[in-house]
Amino acid sequence: MTTTILHAGELVEDNWTVIEDGRTEVEIAGGKVIVTLARWRAERETLLAAHSAVGVLVPNTTDIEAIYAEISDRALIALQFPIFTDGRALSQAVVLRKRLGFRGELRAMGDVIQDLVFWLGRCGFDSIVPRKDQNLEACRAALGELRVAYQAAADDHTPVWVRRRGRVAAPH
Amino acid sequence: MYRYDEIDRALVTQRVEQFRDQTRRYLAGQLPEDEFRHLRLRNGLYQQRFAPMLRISVPYGLLESAQLRKMAHIVRKYDKGYGHFTTRQNIQLNWPKLEQVPDLLAELAEVQLHGIQACGNDTRNITSDHLAGVAVDEHIDPRPYCELLRQYVALHPEFYWLPRKFKFGFSGAAADRAATRTNDVAVHLVRRPNGAIGYRFFVGGGLGRQPMLAQEMNPFVPESDLLSYACAILRTFNRFGRRDNIHKARIKIVLREWGIERFRAAIEEEYARIKASIEGEELLLLPEDIERIRWHFPTPAYRPAAEVSVDVPGLAARDAGFAAWIKRNVRPHKVPGYRVVFVSLKAPDHVAGDCTAEQFEALAAISDAYSFGELRSTYDQNLVLADVAERDLQEVWRKLDAVKLATPNIGLVTDIVSCPGLDFCGLANAGSIGVAQDIYRRFDTLDAQYEIGPIRITISGCMNGCGHHSVGHIGILGVDKHGEEWYQVTLGGAPGNDAAIGERIGRALARDEIAAGVERLIQGYLELRVDEDETFIECYRRVGMAPFKARLYENEAEAVAA
């Protein structure tokens, strides 16, 4: 059974499979898989030999900068939201995109509700897996919930103090 | 006053529509309560005992007359005819109806008011000196910097889901009038001998459980780096703040668990990394960026002193009521011929901080006529007319007095700071308002108040400490003991330059004992002090806890002795 996710602003069928720790990779041999950071470290060569692509799921407590060298060449990095109010992965995402220059697919997984989607988009997630009960079309629309922003995150916004440069006078 | 341009307006308008859709989904049963809760909090909406409470942000305490008129309209249309000023310079409404809140927010947006990040685990409204721009002891006006930071943290996506609430307080004067070090971050504007402006950053303050004062992190962050340094602190907090226990989730706990050296190293390292990356370039403030915001806070068109000066002491000599008000509620202004007027929200039999629709309207008219259309809210739950010409003082006094806003008690024993307590708040363990009023009645006469002199009594109805009991000279904390309201007393707290966390004096007092207990403490002070110039807090610091403790529990000692 495939899952529909948000990718690059559109609803698409997901072609990645998450392999939980403890499961063998035989069942999905040949496909694109996402494994935990721990498993990636332990079984890197085996995983690469068995699958066309291997993405890595990083816990939200990991210092993303410290381990980046181990995953910088991955086509996909997945970050976790154990509950939608836990924003640690938002900082990991911004650091990945803006400081470390990661250009691959950046995926948000876990307790992802419609009302988190907008903030994910601004922090550089281009791949979002909504929680099973969420309205997918509403999630897609949520990416554009607010159209202006004061600051830049890992997105296309220009900081407002930069946008205002060159304006002559305040309205007094 | 900062004035919105099309960017600010678009943001606030779109935000109202976002919340309108969230409210609609909630009311339609499409959004569970425990998810909606986090969304409504980030729009200022808090569930209280009887109704939702809407907290409206007043950025660094600045209001203008159009906003006051709108507030009069709002409290009549959506509430019971009054609003409440808080210790964070905000306004709270106690009785809005959830289904009306999107319309209410849309009306507020018309006058640059909103509830964005007024509650919830995010960066809260920034507080600052209510005398910014007019204080005699000010070296740098903090308002432009508050506004720059306000914009940076407003709806910042990376910092929208923090471990816990996060507060900034600013000061640019010799005296810290905004209790800055009770915040997660205190920013003090400083100027080096060579003229360079910068920020002295303190981090890790917070009241509530385990109250702490913010500790110095960096003595001088350059003026261009306000946002970079703030980003470093926020990111460190977002990464390392505890999320396993709500009572240990403030940044002060990270500081306590790590120790200051490790904590400082983490923030400084993040700051250095930001500076070395594309983020550092984006966050760098150019002089023109600061100047552009500074234009929003122009020097008012003051009249020459010769035109507006009058013989204030002479006028006061002819009217005892006016004299009392001048002495207690009027302060010097940096411009000759002008004075700062405090508006007391602590009239007898009024709830501390409450302001009625009629008072909002009167304040709008008075500020328009006599103070360049502006009003400020203070940390002490009072208001300030910052720019009143001396020649207008008597008229301002009469007009304030006509709406019960001229009680001459600023800084005195009846100028009690209090949270809403159990009467409204869903978190409270005990009442605050009634205790404040009981204490008030014991010192009702002005002579008694003047005899006692400056003193800060603060009351919180629970551990969360919205009434800042930890930094009151006499702090009162309501606790629940088997369903009864009891009150713990702390002494020696202070919020300003001499900031200190009060010490608990001993066992709690029952509801019907607390006001008498406070009276005994104050009676003790009057007997212990060296002379009339020694204030309560100075006296306490000299003699210590023991003589006050003996006073507070003297009845008990007698009982034991008997």
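Residues numbered from 1 in each chain as written. Chains lettered and ligands numbered in written order. Predicted model: local features only at pLDDT ≥ 70, side-chain atom pairs only at ≥ 80, totals over all residues.

Visitor: Quick rundown of the overall build of chain A? Include the residues and the values.
Guide: Within chain A, the secondary structure is distributed over six helices and eight strands. Mapped from its N terminus to its C terminus, chain A presents α and β elements in the order β-β-β-β-α-β-α-β-α-β-α-β-α-α. Structurally, chain A occupies a C-alpha span of about 70 × 35 × 25 Å along its principal axes. In chain A, the share of contacts with a sequence separation of at least 24, taken over all contacts with a separation of at least 6, comes to 44%. (Helix = DSSP H or I, 4+ residues; strand = E, 2+ residues; numbered from the N terminus. Contact = placed C-beta atoms within 7 Å.)

Visitor: With reference to specific residues and values, describe the overall build of chain B.
Guide: Within chain B, the regular secondary structure consists of 21 helices and 21 strands. Radius of gyration (C-alpha) of chain B: 23 Å, near the 24 Å computed for a compact globule of 562 residues. C-alpha atoms of chain B, sized along the principal axes, occupy 70 × 60 × 55 Å. Taking all 562 residues of chain B together, 55% fall into the buried category. (Rg over C-alpha atoms; globule rule 2.2 N^0.38 Å. Buried ≥ 20, exposed ≤ 12 C-beta atoms within 10 Å, placed from the backbone.)

Visitor: Go over the sheet that holds strand β5 (residues 91-93) of chain B, please, and point to the residues and values.
Guide: Residues and elements named next belong to chain B. An order of β1-β2-β5-β4-β13 is seen for the five strands of this open sheet, with the pairing classed as antiparallel. Looking at strand neighbours, the two that pair on one side only are β1 (45-47) and β13 (354-356), the edges of this open sheet. Between one strand axis and the next, the sheet turns through 30 degrees on average, direction left out of account. The pairing of strand β4 (residues 82-85) with β13 spans three bridges and is antiparallel. Bridge assignment links Gly 83 to a residue of β13, and that residue is Cys 355. (Pairing = 2+ DSSP bridges. Axes fitted to C-alpha atoms, helices over the stretch in contact; angles between N-to-C directions.)

Visitor: Give me the pairing of strand β14 (residues 374-377) of chain B: which residues, what numbers.
Guide: All names here are of chain B. Neither face of β14 is exposed, since Glu 374 and Arg 376 on one face and Leu 375 and Ser 377 on the opposite face are all buried. Inspection of the sheet shows strand β3 (residues 62-64) paired to β14 by three bridges, in the antiparallel sense. Each residue of the ladder has a partner; that of Leu 62, found in β14, is Arg 376. Pairing geometry for β14 and strand β15 (residues 383-389), over two bridges, is antiparallel. When the bridges of β15 are listed, Ser 377 appears paired with Leu 383. The hairpin turn running from β14 into β15, its antiparallel successor, is five residues long, and Gln 381 in that turn takes a positive phi close to 65 degrees.

Visitor: Provide a residue-level description of the interface of chain A and chain B, including the pertinent values.
Guide: Contact with chain A, which involves 33 residues of that partner, is made by 39 residues of chain B. If you list the elements that add at least two residues to the side of chain A that touches chain B, you get α3 (88-99), α4 (114-122) and α6 (160-163) of chain A. For the side of chain A that touches chain B, the element with the highest residue contribution is α3 of chain A, accounting for six residues. Classifying every residue of the side of chain A that touches chain B gives 17 nonpolar, five polar and 11 charged. (Nonpolar A, V, L, I, M, F, W, Y, C, P; charged D, E, K, R; others polar.)

Visitor: Which residues make up helix α5 (residues 143-153) of chain B, and what are the values?
Guide: Residues spaced three or four apart along an α-helix point in a common direction, a consequence of the helix completing one turn every 3.6 residues. All names here are of chain B. Taking burial as the measure, the 11 residues of α5 include 11 buried ones, the bulk of the element. Among all positions in α5, only Arg 143, Pro 144, Tyr 145, Cys 146, Glu 147, Leu 148, Leu 149, Arg 150, Gln 151, Tyr 152 and Val 153 are buried. The positive-phi residue at the C-terminal boundary of α5 is Leu 155, with phi of around 55 degrees.

Visitor: If you had to explain the domain arrangement of chain B to someone new, which residues and values would you point to?
Guide: You'll often see interface size given as the accessible area lost when the parts meet. Residues and elements named next belong to chain B. Here chain B is described as being made up of domain 1 (6-109), domain 2 (134-294), domain 3 (305-402) and domain 4 (417-561). If you average the C-alpha positions of domain 1 and of domain 3, the two centres end up 29 Å apart. Listed per partner, the contact involves 20 residues of domain 1 and 20 residues of domain 3. The set of elements that each furnish at least two residues to the side of domain 1 that touches domain 3 consists of β3, α3 (65-78) and β4. (Domains from an automatic or database assignment.)

Visitor: Explain the confidence of the model for chain B residue by residue, including any values.
Guide: Looking at chain B as a whole, the pLDDT averages 96, with 99% of positions reaching at least 70. Here the prediction assigns the complex a pTM of 0.96, and the interface score ipTM is 0.97. (pLDDT = per-residue confidence, 0-100.)

Visitor: How would you sum up the nonpolar core? Please name residues and give values.
Guide: Ranked by size, the top nonpolar core spans 216 residues in total, and within it Ala 93 and Ala 108 of chain A together with Leu 149, Val 203 and Val 343 of chain B carry the most contacts. At nine residues, helix α6 (residues 226-240) of chain B tops the list of elements feeding residues into this core. Filtering out sequence-adjacent residues up to four positions away, Leu 149 of chain B remains in contact with Ile 126, Phe 168, Leu 226 and Ala 230 of chain B. (Core = buried A, V, L, I, M, F, W, Y, C linked by C-beta atoms within 7 Å.)

Visitor: Tell me about the sheet that holds strand β1 (residues 4-7) of chain A, residues and numbers included.
Guide: Pairing between the strands of a sheet is mediated by backbone hydrogen bonds and can be parallel or antiparallel. All names here are of chain A. Ordered in space as β2-β1-β8-β7-β6-β5-β4-β3, the eight strands form an open sheet in which the pairing is mixed. Looking at strand neighbours, the two that pair on one side only are β2 (10-13) and β3 (16-18), the edges of this open sheet. Pairing analysis gives three bridges linking β3 to strand β4 (residues 30-36), with the strands arranged parallel. Each bridged residue has a counterpart across the sheet, and for Trp 16 the counterpart in β4 is Lys 32. Sitting on the sheet, helix α1 (residues 37-50) is in contact with β4 and β5 (51-58), with an inclination near 175 degrees to β5. Strands β5, β6 (76-81) and β7 (105-110) of the sheet are contacted by α3, whose axis makes an angle of about 155 degrees with β6.

Visitor: Outline the packing of helix α1 (residues 6-27) of chain B against helix α4 (residues 101-109) of chain B, listing residues and values.
Guide: Residue and element names in this part refer to chain B. One can describe the packing of α1 onto α4 by two numbers: an axis separation of 9 Å at closest approach and a directional angle of 175 degrees. Classified by the interaxial angle, the pair formed by α1 and α4 is roughly antiparallel. Counted together, Val 12, Thr 13, Val 16, Phe 19, Arg 20 and Thr 23 of α1 and Val 101, Pro 102, Leu 105, Ala 106 and Ala 109 of α4 form the full contact between these two elements. (Parallel < 35°, antiparallel > 145°, perpendicular 65-115°, else oblique.)

Visitor: Talk me through the environment of His 7 of chain A; I want residue IDs and the actual numbers.
Guide: Residue and element names in this part refer to chain A. Relative to the helices and strands, His 7 is located in strand β1. The spatial distance from the C-alpha of His 7 to the C-alpha of Arg 107 is 8.8 Å, given a sequence separation of 100 residues. For His 7, the contacting residues outside a window of four places in its chain are Val 12, Asp 126 and Ser 127.

Visitor: Explain the pairing of β6 of chain A to me, and be specific about the residues and the numbers.
Guide: The side chains of a regular strand alternate between the sheet's two faces. Residue and element names in this part refer to chain A. With five of six residues buried, β6 is to be regarded as a mostly interior element. As defined by bridge partners, β6 adjoins β7 across six bridges and the pair is classed as parallel. Directly across from Ala 78, in β7, lies its bridge partner Arg 107. In terms of handedness, the path from β6 via α3 over to β7 forms a crossover that is right-handed. (Right-handed = clockwise from strand over helix to strand, strands pointing away.)

Visitor: Before we move on, could you go through the packing of helix α18 (residues 514-528) of chain B against helix α20 (residues 545-552) of chain B and cite the residues and values that matter?
Guide: All names here are of chain B. Contact pair α18 / α20: the axes reach a minimum separation of 8 Å and the direction vectors enclose 135 degrees. Considering the angle they form, α18 stands oblique to α20. Of the two elements, α18 crosses α20, and the hand of that crossing is right-handed. Facing Gly 517, Arg 520, Leu 521, Gly 524 and Leu 528 of α18, the residues of α20 in contact are Pro 547, Phe 548, Arg 551 and Leu 552. (Left-handed = near helix turned anticlockwise from the far one by under 90°.)

Visitor: Tell me about the environment of Thr 535 of chain B, and name the residues and values.
Guide: All names here are of chain B. If you trace the backbone, Thr 535 turns up in the loop between α18 and α19 (536-543). You can call Thr 535 partly exposed: it has 18 C-beta atoms within 10 Å. Discounting residues that sit within four places of it in the chain, Thr 535 has contacts with Gly 453 and Pro 454.

Visitor: Outline unusual backbone geometry, listing residues and values.
Guide: Residues and elements named next belong to chain B. A positive phi angle, close to 60 degrees, is found at Gln 117, a residue other than glycine. Its location among the elements puts Gln 117 in the loop between α4 and β6 (127-128). In this structure, Gln 210 is a non-glycine residue whose phi angle is positive, near 50 degrees. Judged by the 15 C-beta atoms lying within 10 Å of it, Gln 210 falls in the partly exposed class.

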